[in-house]
Amino acid sequence: MPDDVKEYRWIGKRTMRPDGVDKVTGRAAFGADYAMPDMLVGQVLRSPHAHARILSIDTSKAEAMPEVKAVVTSTDFPEIPPEEATKGTAPPNFRHLSQNLMAREKVLYEGHAVAAVAATTTAAAKKALSLIDVKYEVLPHVIDVEEAMKPGAPVLHEDLFTDGVDPKPKKPSNVAKRLEFSIGDLDAGFEEADIIIERNYTTKPVHQGYIEPHAVVADVAEDGQAKVWSSSQGHFMIRQYCAGLLNMHVADIRVTPAEIGGGFGGKTTVWLEPPAMLLSRKAGRPVKMTMSRADVFRATGPTSGSAMTCKIGARKDGRITAASLEVKFQAGAFPGSPAGQGCMCAFTPYDIENAKAVGYDVVVNRPKATAYRAPGAPSAAFAVESTLDQIARGLKMDPLELRAKNAAREGTRTVYGPMLGVVGYEATLEAAKNHPHYSAPLGPNQGRGVASGYWFNVGGETSAAVSVTEDGTIMVMSGTPDIGGSRASLAIMAAEVLGVDIDDVRAIIADTSSLGFNRHTGGSRVTFAAGMMVTEAAKDVVEQLRER
């Protein structure tokens, strides 16, 4: 071990995970494991059409069933006017989020929810769905991003006008936004190049594929206060979104996080929680809703499909002189694709003086896209890295050497503005070059690929609490759902700072009424942000114990 590396007692050791025993014994409670007395079962009726106008919804036959205790449609959701679409500090457009939860005038994708029922049994709930009569006027639909951008394409939203262009269009279209990042002089850079490669690329929507479908139990009491148990990447996010969607006070909603069977970015929004709360309020009883695997794929967000054009120029020595990228990302039925993140990340591994990235956020008749592992970055990297491989082939240069010649380092200016701090890219490339796998002989039908990528972690609001119990053991409370072992990491940090045995530390994920606000688990933030909070809290515990 190098002399400048501190030897820790617990950090870097294989300690017992706080959640390990419950998970291997089957005791851990996931979303679908929660149950309450007198609980009803909720089911959702979904559109069979990709694009259709809703002419009428008749729920009378379903409501007449004695087993059915509540039915909700879009009329049960508060109408959110455009001027109130973005309220408070939450990032989403609440108007679009509400319209995605329950279709209004039109259904915008096959699987779009149009009604929900709560009944005494699953069989009764499913029968009730079959009795709801929805009359549609089927409309032309579009699912390809480039087709959706054409002038004659079916328009999903009559009130959607392209943002980011000047002057702003007066005619609605499916292009929600255009954005651009640039640095240097692109034309001059390409004039310097000895080789220029331009290629087109496409990617398909890919679902996050988490093993656990969405599930929720909601219980709204007579005084209007709600309790929610749900599988998500952020229970504070659920509270925040439900309050904004249902015109409730944040303090009237208490969300307890279930264990989560995977998310990968796909559980960073709400689908079942608001309708479950409306059904519970209407029925006066708890309601449990669990998606089938088919509903997960039909109605919850995949990552965006894309169409991209990448152009890169380089000198004979391999130095990149100019690079441009155009990305068109499918947002699904409502705006919000990660086109911006794709443009920000695409060229950041490299020190390029002349570069431009243009992105288009495009709505299509597909489920609303959500994040999936560094949203936008892998697709953009696919285009850039593939083009770089073509450059390397044209120059007869090792693809690793080409990347090393253009590697970003501390002080490199990114295409989206900031200068980079400490960067380990050059060291990583050197380690890859010196690794035995890079020079090992290849057998039949074997190849060796090289690619780089970039992602920025986010900070986000974070709260944590560390307390000493009456027998001297330690309690660590975090507000970020544990997806990859954060409870273990936080317990280790607390034990390290407090100088106690790891077996004397307990780490839990607190509900929304027990801790201050926390941003959701995502963006590679939790170990960094929550870890900082826990270590600071633990240091404060040490100071307070000394004083006492």
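One structure accompanies this document, and this report is about it.

What counts as what
- Residues numbered from 1 in each chain as written.
- Predicted model: local features only at pLDDT ≥ 70, side-chain atom pairs only at ≥ 80, totals over all residues.
- Heavy atoms only, no water.
- Pairing = 2+ DSSP bridges.
- Helix = DSSP H or I, 4+ residues; strand = E, 2+ residues; numbered from the N terminus.
- Axes fitted to C-alpha atoms, helices over the stretch in contact; angles between N-to-C directions.
- Contact = heavy atoms within 4.5 Å.
- Core = buried A, V, L, I, M, F, W, Y, C linked by side-chain atoms within 4.5 Å.
- Buried < 20%, exposed > 50% of the residue type's maximum accessible area, 1.4 Å probe, protein only.
- Expected span 1.5 Å × (residues − 1).
- Parallel < 35°, antiparallel > 145°, perpendicular 65-115°, else oblique.
- Left-handed = near helix turned anticlockwise from the far one by under 90°.
- Nonpolar A, V, L, I, M, F, W, Y, C, P; charged D, E, K, R; others polar.
- Phe/Tyr/Trp six-rings, centres within 6.5 Å; stacked < 30°, edge-to-face > 60°.
- Lys NZ or Arg CZ within 6 Å of the ring centre and 35° of its normal.
- Right-handed = clockwise from strand over helix to strand, strands pointing away.
- Polar contact = N/O pair within 3.5 Å; in protein donor to acceptor, adjacent residues only side chain to side chain.

Attention shifts here to the sheet that holds strand β8 (residues 195-203). With mixed pairing, the five strands of this open sheet are ordered in space as β7-β15-β14-β13-β8. Across the chains shown, the open sheet's two edge strands, defined by having one partner strand only, are β7 (175-183) and β8. Sheet twist, expressed as the average angle between the axes of neighbouring strands with direction ignored, equals 10°. Relative to strand β14 (residues 320-332), strand β13 (residues 306-314) is paired through nine bridges, and the arrangement is antiparallel. Paired with S306 across the strands is F329, a residue of β14. Across the sheet, helix α11 (residues 377-395) lies against β8, β13 and β14, angled at about 145° from β8, the strand it touches most.

Here we take up the nonpolar core. Counting residues in hydrophobic clusters, the biggest one holds 40 residues, and the most contacted among them are L245, I253, V270, M277, L279 and M289. It is helix α7 (residues 235-246) that contributes the most residues to this core, seven residues altogether. Ranked by size, the runner-up nonpolar core spans 37 residues in total, among them A314, I320, A407 and V450.

Residue P167 is bonded to the preceding D166 through a cis peptide linkage, with omega at 0°. The residue P167 is located in the loop between α5 (145-148) and β7 in this model. With phi around 55°, N247 is a residue other than glycine that occupies positive phi space. Counting through the fold element by element, N247 comes out in the loop between α7 and β11 (253-257). Even without being glycine, K396 reaches a positive phi, approximately 55°.

With that out of the way, let us pick up helix α16 (residues 526-547). Working note: α-helix, 3.6 residues per turn, so residues spaced by three or four point in the same direction. Compared with the 32 Å implied by 1.5 Å per residue over 22 residues, the 31 Å span of α16 between its first and last C-alpha is a close match. Buried residues of α16: V526, A529, A530, G531, V534, T535, A537, A538 and V541, and no others. For α16, the secondary structure elements touched by its buried residues are β16 (464-468), β17 (474-478) and α15 (486-498).

Moving on to the packing of α15 against α16. Helix-helix packing: each pair is described by the crossing angle between the helix axes and the interaxial distance. Relative to each other, α15 and α16 sit at 30°, their axes nearing to 9 Å. Considering the angle they form, α15 stands roughly parallel to α16. Judged by the twist between their axes, the crossing of α15 over α16 is right-handed. Two secondary-structure elements touch here, α15 through S486, L490, M493, A494, V497 and L498 and α16 through V526, T527, A530, G531, V534, T535, A538, K539, V541 and V542. Of the residues assigned to the contact of α15 with α16, the class counts are eleven nonpolar, four polar and one charged.

A separate point is the packing of aromatic side chains. A complete count under the given rule lists nine aromatic pairs for this structure. Here the aromatic cluster, defined as three or more aromatic residues joined through ring pairs, consists of F181, Y416, Y454, W455 and F456. When the ring centre of Y210 is taken as origin, the NZ or CZ atom of K267, which lies over that ring, is 4.7 Å away. Here the basic side chain of K311 rests over the ring of F190, its NZ or CZ set 4.4 Å away from the ring centre.

Take the sheet that holds strand β4 (residues 106-107) next. Within the open sheet, the three strands sit side by side as β4-β2-β6. Their pairing is antiparallel. Of all strands in the sheet, those with a lone pairing partner are β4 and β6 (133-138), marking the two edges. Bridge count between strand β2 (residues 52-58) and β6: six bridges; the pairing is antiparallel. For I57, the partnering residue across the bridge sits in β6 and is V134.

What follows deals with the pairing of strand β15 (residues 355-363). Counted residue by residue, β15 has eight buried out of nine residues, so it is predominantly covered. The pairing of β7 with β15 spans eight bridges and is classified as antiparallel. Opposite R178, over in β15, you have Y360 as the bridge partner. Pairing of β14 with β15, which is carried by nine bridges, proceeds in the parallel orientation. Across the sheet, Q330 pairs through a bridge with V362, a residue of β15. Once you follow β14 into helix α10 (residues 339-345) and on to β15, the crossover reads as right-handed.

Another aspect to go through is the side chain of H157. Summarising the element assignment, H157 is placed in the loop between α5 and β7. On the accessibility criterion, H157 (9% relative accessible area) is buried. Engagement of the side chain of H157 in a polar contact is seen with the backbone oxygen of A333, the distance being 2.6 Å. Among residues more than four places away in sequence, those in contact with H157 are L108, P172, A333, F334 and V363.

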